[in-house]
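Overview (structure and organization)
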Amino acid sequence: FRSAGHKLYFLSDFNDLVGLDSMDPNWMGMIDVVVASRGRAFAGTFRSTFSGYINRLRGYYGLSMKDSWFGQLKEKNMMHEFHNVNLDTYAKEWPDAWMGIDADVA
């Protein structure tokens, strides 16, 4: 990524800035969620509640689901289209969770 001109950061790059050494380590997962949800793009794991919550936050922030993918080839582009919630999965976030809650239109 860096050789292609992209900036790549790790949480440890911000250790001094935010005092991660003095932070409760149980908060690290929550920090990961917030950082990942605000990225230009996101690739997660299908049926992962962790990835699902990141996608839900991305929806709340008004980010396009066209910039979210799953790592499994079969489900890779699943977030790019609206799907009926009646599928047999509980761990995937559905646009119903964020569409229309702030007067936006589906």
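As the structure is a computational prediction, the values presented were derived from the model and not from experiment.

To continue, consider the overall build of the protein chain. Within the protein chain, the regular secondary structure consists of three helices and two strands. Order of helices (α) and strands (β) in the protein chain, N terminus to C terminus: α-α-β-α-β. For the protein chain, the proportion of contacts with a sequence separation of at least 24, taken over those separated by at least 6, is 39%. Total accessible area on the protein chain stands at roughly 7700 Å², and carbon and sulfur atoms take up 56% of it.

Residues Val34, Tyr60, Tyr61, Leu63 and Ile101 make up a contiguous nonpolar surface patch of about 420 Å² in total accessible area. One can find Tyr60 in helix α3 (residues 49-60). The exposure class assigned to Tyr60 is partly exposed, which follows from its relative accessible area of 36%.

Let us now look at unusual backbone geometry. In the Ramachandran plot, Arg47 falls in the positive-phi region, its phi being about 70° despite a non-glycine side chain. Position of Arg47 relative to the elements: it lies in the loop between β1 (42-44) and α3.

Attention now goes to the environment of Ala41. Mapped onto the secondary structure, Ala41 falls in the loop between α2 (28-37) and β1. Look at Ala41 and you get partly exposed, because its relative accessible area is 42%. When the C-alpha positions of Ala41 and Trp69 are compared, they lie 8.2 Å apart, and in sequence the two are 28 residues distant. With sequence-adjacent residues up to four places away left out, Ala41 is seen in contact with Arg58, Asp67 and Trp69.

Turning to its location among the elements, Asp67 is positioned in the loop between α3 and β2 (68-70). Sequence separation between Asp67 and Arg40 is 27 residues; the distance between their C-alpha atoms is 7.2 Å. Beyond its immediate chain neighbours, meaning those up to four positions away, Asp67 contacts Arg40, Ala41, Phe42 and Arg58.

This part covers the packing of aromatic side chains. Tallying each qualifying case throughout the model produces two aromatic pairs. Where Tyr9 meets Phe14, the ring centres are 5.6 Å apart and the plane angle is 45°; that geometry is what we call tilted. For the ring pair Phe46 and Phe70, a centre distance of 5.4 Å and an interplane angle of 75° mean the geometry is edge-to-face. Note that Phe46 is positioned in the loop between β1 and α3 and Phe70 in strand β2, a separation of 24 residues in sequence. The residues Phe46 and Phe70 share a single accessibility class, namely buried. One cation-aromatic arrangement involves Arg38 over Tyr61; the distance from NZ or CZ to the ring centre is 4.2 Å.

So, how was this worked out
Residues numbered from 1 in each chain as written. Predicted model: local features only at pLDDT ≥ 70, side-chain atom pairs only at ≥ 80, totals over all residues. Heavy atoms only, no water. Helix = DSSP H or I, 4+ residues; strand = E, 2+ residues; numbered from the N terminus. Contact = heavy atoms within 4.5 Å. Areas by Shrake-Rupley, 256 points an atom, 1.4 Å probe, with all protein chains shown as cover. Patch = residues over 30% accessible without salt bridge, like charges linked within 9 Å, V, L, I, M, F, W, Y side chains within 5 Å. Salt bridge = Lys/Arg side-chain N within 4 Å of Asp/Glu carboxyl O. Buried < 20%, exposed > 50% of the residue type's maximum accessible area, 1.4 Å probe, protein only. Phe/Tyr/Trp six-rings, centres within 6.5 Å; stacked < 30°, edge-to-face > 60°. Lys NZ or Arg CZ within 6 Å of the ring centre and 35° of its normal.

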